[in-house]
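Okay, here's what each chain looks like letter by letter:
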2 protein chains.
Amino acid sequence: MNKMLMKQFSLLLLLQLTCYFSSGRCGNVLAWPVEYSHWINMKAILEELVTRGHEVTVLISSASIFIDPSKPSAIKFEIYPASVTKEEYENFFMHFFGEWTYLEKNSFWTYFPAMIRIIRKYFEISLKFCKDLVSNKKLMTKLQESRFDVILADAVGPGGELLAEILNIPLVHSLRFYPGYAMEKHGGKLPFPLSYVPIIMSELSDHMTFMERVKNMIHALYFDFWFQTFNEKKWNQFYSEALGRPTTLFETMGKADMWLIRNYWDFDFPRPLLPNFEFIGGFHCKPAKPLPKVLWRYNGKKPDTLGPNTRLYKWIPQNDLLGHPKTKAFITHGGTNGIYEAIYHGVPMVGIPLFADQPDNIAHMTAKGAAVRLDLKTMSRTDLVNAVKQVINNPFYKENVMWLSTIQHDQPVKPLDRAVFWIEFVMRHKGAKHLRPAAHDLTWYQYHSLDVIGFLLACVATAAFALTRGCLFCCRKLANAGKKAKRE
Amino acid sequence: MNKMLMKQFSLLLLLQLTCYFSSGRCGNVLAWPVEYSHWINMKAILEELVTRGHEVTVLISSASIFIDPSKPSAIKFEIYPASVTKEEYENFFMHFFGEWTYLEKNSFWTYFPAMIRIIRKYFEISLKFCKDLVSNKKLMTKLQESRFDVILADAVGPGGELLAEILNIPLVHSLRFYPGYAMEKHGGKLPFPLSYVPIIMSELSDHMTFMERVKNMIHALYFDFWFQTFNEKKWNQFYSEALGRPTTLFETMGKADMWLIRNYWDFDFPRPLLPNFEFIGGFHCKPAKPLPKVLWRYNGKKPDTLGPNTRLYKWIPQNDLLGHPKTKAFITHGGTNGIYEAIYHGVPMVGIPLFADQPDNIAHMTAKGAAVRLDLKTMSRTDLVNAVKQVINNPFYKENVMWLSTIQHDQPVKPLDRAVFWIEFVMRHKGAKHLRPAAHDLTWYQYHSLDVIGFLLACVATAAFALTRGCLFCCRKLANAGKKAKRE
């Protein structure tokens, strides 16, 4: 027992020392996560923060599915009771994934309204969790007393920004994408020049034909004016009540000191960014560990139809498998995590996207020549075989994905280190307001200079009017003088 | 002699090893500099490149004033004969500085046209140098044969981008500012949302009142439509002839792989940027070396009017002096180099701007609370004394400049290392096209989506017209049927 305590103590000392040397002092981080792959992502940052000696507390509801607080970890968990049961939440997600995957994607005009209905439910259930949290006075007092230095929040699950305001602490957002583009545009004030920035879910690239640019514009107009995925009014009302002043969800989101965007220029197309947007895509990837032998020895019962060269496993270490030198291709549903692992290890892809950003992700990879895309609903066995053969045998795909891999690896600072640096910066200096654009302090018409343009047009009109009247007056005067002279 | 050779050889070996470990292989850099403070700036990057084992050749004309190839240095110089003599060039600059400094700044409408006349002369003389270079077939062949890996060009002295095209090698631009904003906007495709991005030389901050936003818009309109500082036609014609295809100066500039902007968020206000724009302001600053004793012992003849606490020197190591713990304030003309040294060492400023970007620089420093501004033409002795007292005794200025200093020092990678990293990246991979936005491939109306907006408006108009016609047709049909029924 004593030995164990000594070991723990020396580990703690080591961590404290690491922290002391890396950033000056150890911080106290509160995390506001989102389930499934989002958690895998955020955990990579949190574990790195722990390694550097910071204390990390993850705030989850009693209905949490994928985030398992019972696993041994240096991360602490704070669980609040939710009005939704774990079964209800899990059922919700099963429906959510299933419905979205089998939505008919053929028509823009039917796909997006159907998608809205699905996503609205997610935001409704999210609102319940937020209300459960904020109304829990005992927990809120405990959180107040814990004196956190920063909140790291997954922006696609609103709530983190409200917590940051209530607890009066700095906020760092982590975001892959938001359906539409409202969070980045209205929350972060990121500019979207539609002529070369394809809107998420449009499945377009940065080089668009005229009709593709029309499509992109229609997407943007649709998202700007009709795409109310979550009932904004409900959220705005809740945030206003919770903060005791009229506010909106996006205004509260915009207070973030830093946005960590889970994307980079290997995956995304070059586009305008802001000083408080850090593109950290691929941060969760690591060099592959050798695959455990047992993995290759597994010989459970196979379906009879499977060929002798196909293996089935309950779980495989995807990153290590993609990093294995014999891995030639990756058949993927197109989730960001998997695509980034393929980019990191330079493995060409066959993409069979299911839902959410996956079709768009695969569109990016095909545009960059690193993947072949198949349609889950229409593809045949031969299509799959041909696609796999194509990415393996045609050097075009390997060369392109190797270039993306080079872009990912050849950066001045690794994405994970950049993410941690800015979280630590925000803790050290209680924010990073010097990176936040003044655009946040403008109304929408001021932002677009509409008042200034209106004023200048009014000035020009007044000047033109005055000039015309003046000329007419002079002409009349002259004409009258002429008449008078004639008469005299 | 042998010892000397051995020393040189081991130094060379050390450099080669440094290079080998830092970036894989040593590169061959061609530099296209600009005179005076611009050269001080670029030299800091070039010296770092040499330290890392790269070969650096600086291309200068025989009329070069400030760039002294005779000083012992590891940097090589390639001097081409110019049609302008050194005396003519020096005289030109003396007039240039003098005229601009004493321009009447009171009125926008007289200041800028006068400024244009002055700057046009600079671009005319620059065009002469470019023509001298390109028409020098022998030198051009030599440059071709030297197989450079990259050109580092100061963008405010056009020519580097033409050379990069002719020699078919990647290009990295270095730029502090261009009078107007055409280079960054049209050459680099940097977005300028006028509601919170103050245009250079407007002396505005990012938080503007309505009338200041009007002023900013007028500046932008002026620079967009009337501000032809250099005869663009002449340059476009020359570039088209030299490259044997119709092109423009800005199109050629836009081929740059990377733009190193000599600014950062301690000095500038947060604004949209692009992935191929790296803000490296302050890169030339270094920790202060102890001041040489002789400096303090100097006692040449002083004018009788000078107080006993004022010292006169022919030259002082400004960076070391600003970094001296006893330095309390910095009276500066507001050049970027000096301001950055003051930021780096945390010294509050009294700014007496003369010309170029200097009034704008001081406006930035006063907006950030790190400086007091005086007007050279109107200030009295008391004004100066009071200003110096103010920045020394009021802790507001020291606190603010110390925060700017913190921003400068607390970055994931030092600015100089970032600059060198991207130059090396461009050399390693023969470019960095993955960071260059697709905006470069669009016409101005495509960039602003004017064709798409026009098309969509036409669609709406056609639909409205068809609908109205359809309704009218139906109404008439119904009315006719009614009449017919009545008659029957």
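Keep in mind that what you see is a predicted model, and the values were worked out from it rather than measured.

1. A look at empty space enclosed by the protein
Under the criterion given, the structure shown has 10 cavities of 30 Å³ or more. By volume, the largest cavity is sized at about 600 Å³. Forming the boundary of the largest cavity are 29 residues, of which Leu273(A), Glu278(A), Arg418(A), Glu278(B) and Arg418(B) lie nearest the centre. Mapped by element, the contributors of at least two residues to the lining of the largest cavity are strand E7 (277-279) and helix H17 (415-429) of chain A together with strand E7 (277-279) and helix H17 (415-429) of chain B. A per-class count over the lining of the largest cavity returns 23 nonpolar, 2 polar and 4 charged.

2. Regarding the sheet that holds strand E6 (residues 258-261) of chain A
All names here are of chain A. Overall, parallel pairing links the 7 strands, which are arranged E3-E2-E1-E4-E5-E6-E7 in an open sheet. One side of each edge strand has no neighbouring strand; the edge strands of this open sheet are strand E3 (76-80) and E7. This sheet shows a mean twist of 20° between the axes of neighbouring strands, independent of strand direction. For strand E1 (residues 28-32) and strand E2 (residues 55-61), the ladder comprises 4 bridges, and the chain directions are parallel. In the strand pairing of E2, Leu 30 is matched with Thr 57. Sheet strands in contact with helix H4 (residues 108-134) are E1, E2 and E3, and its direction is about 95° off that of E3.

3. Some points on a nonpolar patch on the surface
Residues and elements named next belong to chain A. Together, Trp 444, Tyr 445, Leu 450, Ile 453 and Leu 457 make up a nonpolar patch on the protein surface, roughly 550 Å² of accessible area in all. Contributions of two or more residues to the nonpolar patch are made by helix H18 (444-447) and helix H19 (450-487). Top contributing element to the nonpolar patch by residue count: H19, with 3 residues. For Ile 453, the location among the structural elements is in helix H19. Take Ile 453: its relative accessible area is 36%, and that puts it in the partly exposed class.

4. Some words on the environment of Ile407(B)
Among the secondary structure elements, Ile407(B) is positioned in helix H16 (residues 395-409). You can call Ile407(B) buried: its relative accessible area is 1%. Between the alpha carbons of Ile407(B) and Trp265(B) there is a distance of 7.5 Å; along the sequence they are 142 residues apart. Other than its neighbours up to four places away in sequence, Ile407(B) contacts His434(A), Tyr264(B), Trp265(B) and Asp266(B).

5. Brief notes about unusual backbone geometry
Residue Ala356(A) is not a glycine yet carries a positive backbone phi of 55°. Secondary-structure assignment places Ala356(A) in the loop between strand E9 (349-351) and helix H14 (358-367). For Asn168(B), which is not glycine, the phi dihedral falls at a positive 55°. For Asn168(B), the position within the fold is in the loop between helix H6 (160-167) and strand E5 (171-175).

6. What to know about the interface of chain B and chain A
On the chain A side, the residues contacting the 49 residues of chain B number 49 residues. Among the residues chain B hides against chain A, the three largest losses belong to Tyr196(B), Asp410(B) and His434(B). Together they make up 14% of the total. The tally of links from chain B across to chain A stands at 4 salt bridges. Close ionic contact of Asp410(A) with Arg428(B) constitutes a salt bridge, the shortest N to O distance being 2.9 Å. Among the elements that line the side of chain B that touches chain A, the one with the most residues is helix H8 (residues 210-225) of chain B, at 7 residues. Partitioned by chemical class, the residues of the side of chain B that touches chain A number 33 nonpolar, 8 polar and 8 charged.

7. Points about the domain arrangement of chain A
All names here are of chain A. We note that the domain assignment places domain 1 (18-86 + 124-283 + 414-435) and domain 2 (315-409) within chain A. Contacts between the two partners involve 23 residues from domain 1 and, on the opposite side, 19 residues from domain 2. Summed over both sides, the interface of domain 1 with domain 2 buries roughly 1700 Å², with 55% coming from carbon and sulfur. If you sort the residues of domain 1 by the area they bury against domain 2, Glu 203, Asp 266 and Phe 267 come out on top, with a joint share of 44%. Across the salt bridge formed by Glu 203 and Arg 373, the nearest N and O atoms sit 2.9 Å from each other. Inspection of the domain 1/domain 2 interface yields 17 residue pairs in polar contact (both at pLDDT 80 or more). The class makeup of the residues in the side of domain 1 that touches domain 2 is 11 nonpolar, 7 polar and 5 charged.

Cut-offs and rules
- Residues numbered from 1 in each chain as written.
- Chains lettered and ligands numbered in written order.
- Predicted model: local features only at pLDDT ≥ 70, side-chain atom pairs only at ≥ 80, totals over all residues.
- Heavy atoms only, no water.
- 1 Å grid on protein atoms, 1.4 Å probe; cavity = no way out; pocket = protein on both sides within 12 Å on 5 of 7 lines; lining within 4 Å.
- Points joined across faces, edges and corners; volume = space filled by probe spheres on them.
- Helix = DSSP H or I, 4+ residues; strand = E, 2+ residues; numbered from the N terminus.
- Nonpolar A, V, L, I, M, F, W, Y, C, P; charged D, E, K, R; others polar.
- Pairing = 2+ DSSP bridges.
- Axes fitted to C-alpha atoms, helices over the stretch in contact; angles between N-to-C directions.
- Contact = heavy atoms within 4.5 Å.
- Patch = residues over 30% accessible without salt bridge, like charges linked within 9 Å, V, L, I, M, F, W, Y side chains within 5 Å.
- Areas by Shrake-Rupley, 256 points an atom, 1.4 Å probe, with all protein chains shown as cover.
- Salt bridge = Lys/Arg side-chain N within 4 Å of Asp/Glu carboxyl O.
- Buried < 20%, exposed > 50% of the residue type's maximum accessible area, 1.4 Å probe, protein only.
- Buried area = accessible area lost by both parts, 1.4 Å probe.
- Domains from an automatic or database assignment.
- Polar contact = N/O pair within 3.5 Å; in protein donor to acceptor, adjacent residues only side chain to side chain.

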